Amino acid sequence: MQSMEKSPARISAAEALALWRKYRSTGDVALRDRLIFTFTPMVRYIVYKKVREVPAQCDVEDFLSCGLEALIRSIERYDPDKGATLEQFAWTRVHGAVLDELRRHDWAPRSLRRAERAISGARRTFVASNDRQPTRDELAQELGVSTAELSDRLDELALAEVGSLNQTVHSEDSTTIERIDTLESGDLDSDPVYSAERREAKERFRGAFKGLSPRERQVAVLLYVENWTLRNIGARLGVSESRVCQIHSELRRRLRSQLVAEEDLFSVAS
C-alpha cells in the first residue's frame, strides 16, 4: 500500500505569484495554506542543512517551527514590486530566522563559531590531502596558528558545548553508556579505593590507641570526644592543667611514632 503522503510538487515562480495574488485578493486562508505546503520542503532543507549547528539541548522541531513561522510572515509581507520572487523572498526570511534562533540558543560568541568553522575546514582539507586525521601540530600548521593557540581555542569550544548528561556515548570498550557515567564523581564516599583506605586508617589508629596507657586514653576521650577543656580534665583527674598538657603531648607523640609509616593513610581518616 502506497503512502498517502506526497511531497508537494514544485511550482514555477509565475505559478507561485499567481497563487499569492489570488490569496491577497480573496483572503482565502486555504490558498495561503497551499503556499505554505508548497514551500515547506524549502524550510526543511534550510533547517536540516544547519542541523549540525543546533545546540544539543534543543529540539530540531523547534527550529522547523521557527522556519514555518518565518515562511508565513514572508507570505504576508511579500511585495512582488521589489523584484524578488516569492521563493527568493521566503528563503531569505526563513534562513535569517533560523540563524537568529541558533544564535539565541548558543552562548558562544560568533568569533568562536567562526574559529570552529575554520578548524573544521582545515581538518577536512588535511584529511582530503593525507587520507588521515591530523595531529594537533599539523592542524595548527594548516590553520597558520601556534599549537598553543589552537589548544586554547579547542578548550573554549569544548566549554561552549552544552549537552544532556543522559546522551548516549561510546565507552572505551565500544559499549554504549550515558554521558553521566563517564564523569568523575566528587563524592569520595562512593570511591571504593578511598573507602578501603579510610577503613584501614581507622583500624591502624584503633590499634595504636589501644597501646596508650589508661590515663592517656582517658585524656584523649575527654579532650577530643567530650570536648572538655584542659582545666576541667585536670580537675576530673585530680592533676594540674600543666600535667594534663604533658599527658596530651606524650600521647600525641606516641601515636605519631606508631603511625609515622602510614602518615598519609592516617590523614585520610581525619
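For the structure itself, look to the data block above.
Every value quoted in this text rests on a predicted model; they were computed, and no experiment measured them.

Engineer: Could you give an account of the side chain of glutamate 101, naming the residues involved and the relevant values?
Structural biologist: Residue position: glutamate 101 is located in helix α4 (residues 86-105). Excluding its chain neighbours within four sequence positions, the residues that come into contact with glutamate 101 are Phe63 and Cys66.

Engineer: Outline the packing of aromatic side chains, supporting the account with residue identities and numerical values.
Structural biologist: One pass over the full model with this rule turns up three aromatic pairs. The interplanar angle of 85° and the centroid separation of 5.1 Å between the aromatic rings of tryptophan 20 and tyrosine 78 together place this pair among those described as edge-to-face. Of this pair, tryptophan 20 sits in helix α1 (residues 13-26) while tyrosine 78 is found in the loop between α3 (60-77) and α4, placing the two residues 58 residues apart along the sequence. Tyrosine 78 carries the same exposure label as tryptophan 20, and that label is buried. Aromatic pair tyrosine 78 and phenylalanine 89: ring centres 5.8 Å apart, planes at 45°, arrangement tilted.

Engineer: Report on the packing of α1 against helix α2 (residues 29-49), specifying residues and quantitative values.
Structural biologist: Close contact between α1 and α2 brings their axes to 9 Å; oriented N to C, the two are set at 150°. For the element pair α1 / α2, the angle class is roughly antiparallel. Note that α1 runs across α2; the crossing there is left-handed. When α1 is examined against α2, the residues Ala16, Leu19, Trp20, Lys22, Tyr23 and Thr26 are found in contact with a partner set consisting of Leu31, Arg32, Arg34, Leu35 and Phe39. Here the residues of the contact of α1 with α2 sort into seven nonpolar, one polar and three charged.

Engineer: Explain the environment of alanine 84 to me, using residue names and the numbers behind them.
Structural biologist: Tracing the sequence through the fold places alanine 84 in the loop between α3 and α4. A relative accessible area of 29% means that alanine 84 is categorised as partly exposed. Sequence-distant contacts of alanine 84, that is, excluding residues within four places in its chain, are made with Tyr78 and Phe89.

Engineer: Now, about a nonpolar patch on the surface: what can you tell me, with residues and values included?
Structural biologist: On the surface, Val221, Tyr224 and Val225 cluster together into a nonpolar patch covering about 280 Å² of accessible area. Summarising the element assignment, valine 221 is placed in helix α9 (residues 214-225).

Engineer: A description of the nonpolar core should follow, citing residues and the corresponding values.
Structural biologist: Leu71 and Val94 are the most contacted members of the largest nonpolar core, which has 26 residues in total. Broken down by secondary-structure element, the contributors of at least two residues to this core are α1, α2, α3 and α4. If one sorts the elements of this core by residue count, α2 sits on top with eight residues. Excluding residues that lie within four positions of it along the chain, valine 94 makes contacts with Met42, Val43, Ile46, Gly67, Ala70 and Leu71.

Thresholds, definitions, all that
Note that residues are indexed from 1 along each chain, following the sequence as it is written. For a predicted model such as this one, the threshold for reporting local features is a pLDDT of at least 70, and the threshold for listing and counting side-chain atom pairs is 80 or more; totals across whole chains, interfaces and linings nevertheless cover every residue. Hydrogens are left out, water is left out, and the side-chain values use all remaining heavy atoms of the structure. A run of H or I in DSSP becomes a helix once it reaches four residues, and a run of E becomes a strand once it reaches two; helices and strands are each numbered from the N terminus. By definition in these notes, contact holds between two residues if any of their heavy atoms fall within 4.5 Å. Aromatic pairs are defined between Phe, Tyr and Trp rings, using the six-membered ring for Trp, whenever the two ring centres lie within 6.5 Å; interplanar angles under 30 degrees are classed as stacked, those over 60 as edge-to-face, and all others as tilted. Exposure classes here rest on a 1.4 Å probe applied to the protein chains alone. A residue is buried below 20% of its type maximum, exposed above 50%, and partly exposed in between. Fitting a line to C-alpha atoms yields each axis, with helices limited to the stretch in contact; the angle taken between N-to-C directions then spans 0 to 180 degrees. Here the angle decides the label: under 35 degrees means roughly parallel, over 145 means roughly antiparallel, 65 to 115 means roughly perpendicular, and every other value means oblique. Left-handed describes a crossing in which the near helix is turned anticlockwise from the far one by less than a right angle; the clockwise case is right-handed. For this scheme, ten residues count as nonpolar: Ala, Val, Leu, Ile, Met, Phe, Trp, Tyr, Cys and Pro. Four count as charged, namely Asp, Glu, Lys and Arg, and the remainder, Gly too, count as polar. Each patch is built from residues that are more than 30% exposed by relative accessible area and take part in no salt bridge. Like charges join if they lie within 9 Å; nonpolar side chains (Val, Leu, Ile, Met, Phe, Trp, Tyr) join within 5 Å. Note on areas: Shrake-Rupley with a 1.4 Å probe; residue coverage comes only from the protein chains shown. Here a salt bridge means any side-chain nitrogen of Lys or Arg lying within 4 Å of a carboxyl oxygen belonging to Asp or Glu. To define a nonpolar core, start from buried Ala, Val, Leu, Ile, Met, Phe, Trp, Tyr and Cys residues and group those joined through side-chain atoms within 4.5 Å.

Remember that the coordinates give geometry; whether it matters functionally is a separate question.
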